Amino acid sequence: MTQPLIPPDFKQCQAEKPNGNTFMTLGGVPGYKRCTQRPVFLATEKEPGDDGVIGNMTLCAECYVQLERQIPGHVFVETLKEQP
């Protein structure tokens, strides 16, 4: 059973980044934290995932560049209009 998709968040980038902790970090647990920057793009998958659903998410410019490095051409991108 698939979980429902999280809708786009137009106030905060939805990418997750490493939290800076590794197995060598004392007192920290390796994991990910959500990017805190304001989004400028809405990325939508070109093809459905294994669950048959096409997802989308908001991204800041830095996270979009990283997405394109990791999986080039995987998404359609729209530039978001300025939010008041």
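Above this text is the structure in question.
Everything in this summary refers to the structure shown in the same document. No experiment lies behind these values; they were computed from the predicted model shown. Along each chain, residue indices are assigned from 1 in the same order as the chain's sequence is written. In view of the model being predicted, local features appear only for residues whose pLDDT reaches at least 70, and side-chain atom pairs are presented and counted only at 80 or more, with totals across whole chains, interfaces and linings using the full set of residues. Only hydrogens and water are removed before side-chain values are computed, so all heavy atoms of the structure are retained for them.

## Brief notes about the pattern of salt bridges
Then, in step 1: Salt bridges are defined by distance alone: a side-chain nitrogen of Lys or Arg within 4 Å of a carboxyl oxygen of Asp or Glu. Tallied over the full model, the rule gives two salt bridges.
Then, in step 2: Linking Asp-9 and Arg-34 is a salt bridge whose minimum nitrogen-to-oxygen distance equals 2.7 Å. Pair noted here: Asp-9 is in the segment before β1 (16–18) and Arg-34 is in strand β2 (residues 32–34), with a separation of 25 residues, a long-range link.
Then, in step 3: Relative accessible area serves as the criterion here: at 34%, Arg-34 is assigned to the partly exposed category.
Then, in step 4: A salt bridge links Glu-62 to Lys-17; the shortest N-O distance between them is 3.1 Å. With Glu-62 in helix α1 (residues 61–70) and Lys-17 in strand β1, the pair connects residues that are 45 residues apart, well separated along the chain. Helix and strand definitions here come from DSSP, where helices need a minimum of 4 consecutive H or I residues and strands a minimum of 2 consecutive E residues; each element is numbered from the N-terminal end. Burial here depends on accessible area, computed with a 1.4 Å probe over protein chains only, as a share of the maximum for the residue type. Under 20% is buried, over 50% is exposed, and the range in between is partly exposed.

## Some remarks on the environment of His-74
Then, in step 1: Residue placement: His-74 occurs in the loop between α1 and β5 (75–79).
Then, in step 2: Expressed as a C-alpha distance, the spacing of His-74 and Ala-43, which sit 31 residues apart in the sequence, is 9.2 Å.
Then, in step 3: Dropping the residues within four chain positions of it, His-74 is found in contact with Thr-44, Glu-45 and Lys-46. Any two residues whose heavy atoms approach within 4.5 Å are treated as being in contact.

## Some details on the environment of Arg-38
Then, in step 1: Secondary-structure assignment places Arg-38 in the loop between β2 and β3 (41–45).
Then, in step 2: For Arg-38 and Leu-59, which are 21 residues apart along the polypeptide, the C-alpha to C-alpha distance reads 7.8 Å.

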